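Results of the structural survey
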Amino acid sequence: FCGMVAIVGRPNVGKSTLLNEIIEQKVSITSRKPQTTRHRIMGIHTVDKHQAVYIDTPGLHVEEKRAINRLMNRAASSSIGDVELIIFVVEGTHWNADDDMVLNKVSQSGKPVLLVINKIDQVKDRDLVLPHMKWLSDKFDFVGIMPVSATQGKNVDLIKAEVTKR
Ligand code: GDP
Ligand code: MG
């Protein structure tokens, strides 16, 4: 694989934490406060001949009342157009209208999409996540579905391996 990968999802799902974990450097600011990422932040991961440029994006969200929100939505949407692969990040425990919107956007992009279900460390009952995964995989033909914990670094290697082998 040689190319660009956009990390998209609604605010606060852990996109920036995931980017930092993938490239093993703190390039992107993470925060409990939504909308900390306001620009496109890039991180490069190289293995042998493979090189992936990961683009962290502001969270996509339905609310577009404030100009800054519209700008952030636009920044995230335009990233989708530029990449070879999309990593769609959702939370294992919460799903809302913003997630629906992102799902629509990525499925309309025509690009391959890897679904990452983050924050699995917060999932007490695995049986609650499985129907979620099933429902999502019925909605769209993802190139892969990966449950991860960005803060614990769990399964992040699987994402890198999946991207590299493409
Ligand atoms: P972004 O808005 O999607 O970029 O989200 P951030 O990366 O800034 O993370 C939002 C919040 O979720 C922060 O408080 C992170 O520490 C937290 N977070 C991110 N990944 C995980 C995870 O795997 N598990 C848990 N428990 N919290 C996480
Ligand atoms: Mg962020």
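Residues numbered from 1 in each chain as written. Chains lettered and ligands numbered in written order. Predicted model: local features only at pLDDT ≥ 70, side-chain atom pairs only at ≥ 80, totals over all residues. Heavy atoms only, no water.

1. Describing the packing of helix α1 (residues 15-23) against helix α5 (residues 156-165)
- Remark: α1 packs on α5, axes separated minimally by 10 Å, with the N-to-C direction vectors making an angle of 75 degrees. With respect to α5, the axis of α1 lies roughly perpendicular. On the side of α1, the interface is formed by Leu-18, Glu-21 and Ile-22, while α5 contributes Val-156, Ile-159 and Lys-160.
- Its residues placed into classes, the contact of α1 with α5 shows 4 nonpolar, no polar and 2 charged. (Axes fitted to C-alpha atoms, helices over the stretch in contact; angles between N-to-C directions. Helix = DSSP H or I, 4+ residues; strand = E, 2+ residues; numbered from the N terminus. Parallel < 35°, antiparallel > 145°, perpendicular 65-115°, else oblique. Contact = heavy atoms within 4.5 Å. Nonpolar A, V, L, I, M, F, W, Y, C, P; charged D, E, K, R; others polar.)

2. Some words on helix α4 (residues 126-139)
- Between its terminal C-alpha atoms α4 stretches 21 Å, which fits the 20 Å expected from 14 residues at 1.5 Å a residue.
- Among all positions in α4, only Val-129, His-132, Met-133 and Leu-136 are buried. Across the axial projection of α4, the buried residues extend over an arc of 100 degrees, all falling on one side. Relative to its buried face, α4 has exposed residues pointing more than 90 degrees away, namely Asp-127 and Asp-138.
- Looking at the buried side of α4, the elements it contacts are β4 (85-91), α3 (97-108), β5 (113-118) and β6 (144-147).
- The N-capping residue of α4, defined by a side-chain oxygen 3.0 Å from the backbone nitrogen of Asp-127, is Asp-125. (Expected span 1.5 Å × (residues − 1). Buried < 20%, exposed > 50% of the residue type's maximum accessible area, 1.4 Å probe, protein only. Arc of directions from axis to C-beta. Polar contact = N/O pair within 3.5 Å; in protein donor to acceptor, adjacent residues only side chain to side chain.)

3. A word on the environment of Arg-74
- Tracing the sequence through the fold places Arg-74 in helix α2 (residues 67-82).
- A relative accessible area of 55% means that Arg-74 is categorised as exposed.
- Separated by 73 residues in sequence, Arg-74 and Phe-1 have C-alpha atoms that sit 27 Å apart.

4. Some points on the nonpolar core
- In terms of nonpolar packing, the biggest core is built from 22 residues, with Val-8, Ile-86, Phe-88, Val-106, Val-113, Leu-115 and Phe-142 touching the most fellow members.
- Those elements giving two or more residues to this core turn out to be β1 (2-8), α2, β4, α3, β5 and α4.
- Residues in contact with Leu-115, not counting those within four places in the same chain, are Phe-88, Val-90, Leu-136, Phe-142, Gly-144, Ile-145 and Met-146. (Core = buried A, V, L, I, M, F, W, Y, C linked by side-chain atoms within 4.5 Å.)

5. Section: the pattern of salt bridges
- One pass over the full model with this rule turns up 6 salt bridges.
- For the salt bridge of Lys-119 with Glu-91, the shortest nitrogen-to-oxygen distance reads 3.5 Å. Taken together, the residues Lys-119 in the loop between β5 and α4 and Glu-91 in strand β4 connect sequence positions 28 residues apart.
- Assessed through its relative accessible area of 7%, Glu-91 is described here as buried.
- Connected via shared salt-bridge partners are Arg-10, Glu-91, Asp-99 and Lys-119. (Salt bridge = Lys/Arg side-chain N within 4 Å of Asp/Glu carboxyl O.)

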